[in-house]
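Structural overview for review
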Amino acid sequence: MRTLLTALAAYSGCAAARRYLDRPGRPERDYLGGRVRRKPLWNEGAAFSLPIPAEALPLASAAALGLLWGRRKRCPLGTGLMLGGGLSNLQERLTEGRVYDYLHFPRAPRPLNRYVFNLADLCVFAGGALCLLRGGKGGKYQEEFRHTP
């Protein structure tokens, strides 16, 4: 249930941010002393310019989301963030044929400083980091191991 609620909250937040920011006449703008820049752009390719054909992206995304759902018990919160962000990007790709990105971090370490992200991307990154930090704690095998004399 935690996974589903987290995914719904992430998806809703991503959709609201996109609707608010994707309006005509919104120029680039710097925040936090130039550390964050609103830089609107439509991304038709894969993350980090990976060489994945555009027509294969929706199918690859849907498959990845299906695999994530199967592993939700190991890290419900992180998986929910990844699912919500991934579903948001998948929905945009299916309806628009591209994804609206708007967050640029010009002072980030290279090569991250050259990419533009959206809230959905950040949810996917945060969820993945949370699951990595958690290290799969609470999984079925660890429970069995813990109760073994």
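Reference entry: report on the structure contained in this document. Predicted model only: the values in this text are computed from it and were never measured.

All right, on to the layout of surface pockets then. In this structure, the largest pocket occupies an estimated 810 Å³ of space. Ala46, Ala47, Phe48, Asn89 and Asp121 are the residues nearest the centre of the largest pocket, which is lined by 30 residues in total. Of all the secondary-structure elements, those providing two or more residues to the lining of the largest pocket are strand S2 (36-43), helix H2 (57-70), helix H3 (76-96), strand S3 (99-104), strand S4 (116-117) and helix H4 (119-134). The dominant element in the lining of the largest pocket, judged by the number of residues it contributes, is H2, at six residues. Looking at the lining of the largest pocket residue by residue, the class counts come to 19 nonpolar, seven polar and four charged.

Before going further, it helps to examine the packing of H3 against H4. The contact between H3 and H4 brings their axes to 7 Å, and the two run at 155°. When the axes of H3 and H4 are compared, the pair comes out roughly antiparallel. The two elements H3 and H4 cross, and the hand of that crossing is left-handed. Along the contact surface, H3 presents Leu77, Gly78, Thr79, Leu81, Met82, Gly85, Gly86, Ser88 and Asn89, while H4 presents Ala120, Asp121, Cys123, Val124, Ala126, Gly127, Gly128, Leu130 and Cys131. The residue makeup of the contact of H3 with H4, split by class, is nine nonpolar, eight polar and one charged.

Right, let's talk about empty space enclosed by the protein for a bit. Within the structure shown, the criterion is met by one cavity of 30 Å³ or more. Size it by volume and the largest cavity reaches roughly 30 Å³. Every residue along the wall of the largest cavity is listed here: Cys14, Arg18, Ser88, Glu92, Tyr100, Tyr102, Asn118, Leu119 and Ala120. Listing elements by their share of the lining of the largest cavity, those giving two or more residues are helix H1 (2-21), H3, S3 and H4. A breakdown of the residues in the lining of the largest cavity according to their chemical character gives five nonpolar, two polar and two charged.

What counts, and where the lines are drawn
- Counting of residues starts from 1 at the beginning of each chain's written sequence and follows it residue by residue.
- Under the rules for a predicted model, residues below a pLDDT of 70 receive no local features and side-chain atom pairs below 80 are neither given nor counted, while totals for whole chains, interfaces and linings still include all residues.
- In computing side-chain properties, one takes all heavy atoms of the structure into account and sets aside hydrogens as well as water.
- The method works on a 1 Å grid over the protein atoms by themselves. A cavity is a set of points holding a 1.4 Å probe that cannot get out, a pocket is an open set with protein on both sides within 12 Å along at least five of seven lines, and residues with an atom within 4 Å of a point line them.
- Grid points are joined across faces, edges and corners, and a volume is the space filled by probe spheres set on the points.
- Only DSSP runs of H or I covering at least 4 residues are called helices, and only runs of E covering at least 2 are called strands; the numbering of each starts at the N terminus.
- For this scheme, ten residues count as nonpolar: Ala, Val, Leu, Ile, Met, Phe, Trp, Tyr, Cys and Pro. Four count as charged, namely Asp, Glu, Lys and Arg, and the remainder, Gly too, count as polar.
- In this analysis an axis means a line fitted to C-alpha atoms, helices contributing only their contacting stretch, and an angle means the value between N-to-C directions, from 0 to 180 degrees.
- Throughout, the term roughly parallel applies to angles under 35 degrees, roughly antiparallel to angles over 145, roughly perpendicular to angles from 65 to 115, and oblique to all others.
- Crossing handedness is defined as follows: a turn of the near helix away from the far one that is anticlockwise and smaller than a right angle gives a left-handed crossing, while the clockwise case is right-handed.
- For this analysis, residues touch if any pair of their heavy atoms sits within 4.5 Å.

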